[in-house]
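Working through the structure, step by step
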Amino acid sequence: MNFSIFYSFSFMHRSYMEIFLLSLCFPFLLFPVISPTEAFYLPGSYPHPYGDGDLLSVKVNSLTSIDTEIPYGYYTLPFCKPINGVQNSREYLGELLMGDQIESSPYRFKSYVNETDVFLCSTGPLSMEEAKIMKLRIDQFYQVNLILDNLPAVRYTEKGGVRVRWVGFPLGLNYNNVYYIFNHLKFKVLVHNHGDDDHNDRYNNVTKRVIVGFEVSPCSYRHEIKGVGNLEMYQKFPSGINCDELSLAMVVKAGEPIVFSYEVSFEDSNIKWFSRWDGYLKMDGSRIHWFSILNSLMVVAFLAAIVLVIFLRTIRRDLAQYEETDKDVQAEISEEISGWKLVAGDIFRPPPNTDLLCILVGDGVQILGMAFVVVLLAAFGVISPASHGALLTGMLFSYLILGFVAGYVSVKLWRTVNGGDSKDWASVSWRAACFFPGLAFLVLVSMNSLLWGSESTGAIPFYLFVLLLLLWLFVSVPLTLVGGYVGLKSNSIKYPVRINHIAREIPPPKYPSWLVVIGAGTLPFGTLFIELYFIMSSLWLGQVYYVFGFLLMVMILLVIVCVEVALVLTYMHLCVEDWRWWWQSFFSSGSVAIYILIYCVNYLIFDLQSLSGPVSAALYLGYSLLMVVAVLFATGSVGFLSSFWFVYFLFSSVKLD
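Residues numbered from 1 in each chain as written. Predicted model: local features only at pLDDT ≥ 70, side-chain atom pairs only at ≥ 80, totals over all residues. Heavy atoms only, no water.

Before going further, it helps to spend a moment on the overall build of the chain. Looking only at helices and strands, one finds 19 helices and 15 strands in the chain. Counting only residues that meet the buried cut, the chain has 53% of its 657 residues in that class. Of the accessible surface of the chain, which amounts to about 30200 Å², a share of 62% is contributed by carbon and sulfur atoms. (Helix = DSSP H or I, 4+ residues; strand = E, 2+ residues; numbered from the N terminus. Buried < 20%, exposed > 50% of the residue type's maximum accessible area, 1.4 Å probe, protein only. Areas by Shrake-Rupley, 256 points an atom, 1.4 Å probe, with all protein chains shown as cover.)

Structure, rendered in structure tokens:
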């Protein structure tokens, strides 16, 4: 049977995703066209040269699917196991949080030795339950993920003369309601002469090679059970295996065993070791990324012009009034400027829920700092793609360390708003240390309970929860308290004007202020929605995202737009004699989170149509909600701090009667 239908589906699915897409969190503009993997040696990874005949061991990772987003262990299905038993590889914190479960496999090669018709094992007759689960995993489009020398196995398909690369290979295929499994694997290992990489050594005249590529071609082949009865693992089949990649033969059926086999060939390659990840990290559609940057620059320029006009008009008014310019000019502008000057006695009046605002701003600065640190390190290649979970590990530890910044900002702002009061600073620091981590912990526990119920390897183990709590308690909390103490001892910001005892009445607005605040979020969202598509595809459709240079640039432009939006809206509120700018400045730029939430729901409905089951949808919505809250805190803090600086500068530089 021909299963080119599957390849056609794969190609169409890939083409659709390449039209446009994260999740958050550009040296191409800031540092001229430098690819991280080409320009830098990836820290944490080093070449491992192999001599001819050296043993190479293949590892297996969790089975994954874009249909369910729920990973399962490789050996939850009746696959062949190593002779010495399954051994877990040492995993880092980020790998465990991502749901990776890297284990040993029975697949092993001899370096630079081609082998064919290798017998792996024959399972016992499949039970009804085993056959049922295997068929279910095939229907859910689960992929098998193999790793050799830290390189994931890739497969290639062709459609219309275009070669498409996929990481991993499908478990099997359902064709006309008959389930077939890919039980024979054709491996191709690309190697490069280690002495050609300017090392000038041949290891005592013995040629050493490094692995620079790992390819796999799965096929379905029906072995004769009688011919494998006396074979041991790694022995050669008495008759050759001629397995066509476009044929289907091995049916999954209860009561029948499955025979697994493989072949491997080695091929010399011109790819050097430090460039071996280029093929994985190459991301098509660079023109779309540049369009995203250009679109963001246009928004920035437009808002910058508005901000410039505001400042120039303000300076002109002050010069006209206080430098004794023509009286006609003063009279002409006096009515225009009366609005924001009338609220001078109320402009620094403490807002409602002052403590909450200070905590949100402190947590937002911490999240924003974490995002910039991680993306900057990734853009320069410091965070290596060869290290599974390195990005998530970097995010976690950056967040923990930046707890100092959260405590400092929260307490210093709290002291400023409360007129230098130093009481209860520890309470503010403690709540800053608990607020966002508490929300994240609540989401993780809820999502983890769903994964535990599904018996998925993506579920965070209990001991890892304990470890995360200990890291937070003994690293983040103390640093936040220390930052709060430093903020307490630093000089508090003195207001340039006195606060009136009686609050000034605010004129009734012509339009609801919340409507303007929500509408302001469209501008920051316009700077990132294109890049957001690629990030979401990376997170939920199994694509590789590594254009962190573009992401860094988009983040910088996003911050600039948030600053400009907050300044414009704050000025507009002051002009209509509305002195309640504190929370409005926070939500004016933070309202971009509303549009990201709408986008996430839209992405679930129209781009993740294959997502099956309420558990998968709940996982997607839960993690998306956490991302939206993080964006709200980060962008809101940018808007508030820039507005605070603007108001302080405005009333410091203008003489008031």
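As a further point, take the packing of aromatic side chains. Following the criterion strictly, the structure yields 39 aromatic pairs and no others. Note on Tyr-112 and Phe-266: the rings are 6.5 Å apart at their centroids and 55° apart in plane angle, and the pair reads as tilted. Of the two residues, Tyr-112 is situated in the loop between strand S3 (103–110) and strand S4 (115–122) and Phe-266 in strand S15 (residues 259–268); the sequence distance between them amounts to 154 residues. The class of Tyr-112 is partly exposed, set by a relative accessible area of 30%. Among the residues examined, Phe-266 registers a relative accessible area of 11% and is labelled buried. A ring pair is formed by Phe-436 and Phe-633, whose centres lie 5.9 Å apart and whose planes are at 65°; its orientation type is edge-to-face. Of the two residues, Phe-436 sits in helix H12 (residues 425–453) while Phe-633 sits in helix H19 (residues 614–653), which places them 197 residues apart along the sequence. Among the aromatic residues, ring-to-ring pairing joins Phe-525, Phe-529, Tyr-533, Phe-534, Tyr-595, Tyr-599 and Tyr-603 into one connected group. (Phe/Tyr/Trp six-rings, centres within 6.5 Å; stacked < 30°, edge-to-face > 60°.)

This part covers the confidence of the model for the chain. Parts of the model with low pLDDT should not have their predicted coordinates read in detail. On average, the chain scores 82 in pLDDT, and the residues at 70 or more come to 84%. This stretch, residues 1–44, has a pLDDT under 50; its non-local contacts, to residues over four places away or in other chains, come to 125 contacts. Between residues 198–202, whose pLDDT stays under 50, and residues either more than four places distant or in other chains, the model counts four contacts. (pLDDT = per-residue confidence, 0-100. Contact = heavy atoms within 4.5 Å.)

A full pass over the atoms with the stated rule returns two disulfides. Cys-219 shares a disulfide with Cys-243; S-S distance 1.9 Å. One disulfide, between Cys-219 and Cys-243, carries an S-S torsion of 140° and so falls in the right-handed class. In this pair, Cys-219 is assigned in strand S14 (residues 208–219) and Cys-243 in the loop between S14 and S15, connecting sequence segments 24 residues apart. The pair Cys-219 / Cys-243 is uniform in exposure class, with both members buried. Going through the chain in sequence order and numbering each bonded cysteine, the pairs you get are 1-2, 3-4. (Disulfide = S-S within 2.5 Å.)

This paragraph deals with the packing of helix H9 (residues 354–379) against H19. Helix packing geometry: the angle between the two helix axes and the distance between the axes. Direction vectors running N to C along H9 and H19 enclose 110°, while the axes themselves pass 7 Å from each other. By the angle between their axes, H9 is roughly perpendicular relative to H19. Together, Leu-357, Leu-360, Val-361, Asp-363, Gly-364, Val-365, Ile-367 and Leu-368 of H9 and Ala-630, Phe-633, Ala-634, Ser-637, Val-638, Phe-640 and Leu-641 of H19 make up the contact between the two elements. (Axes fitted to C-alpha atoms, helices over the stretch in contact; angles between N-to-C directions. Parallel < 35°, antiparallel > 145°, perpendicular 65-115°, else oblique.)

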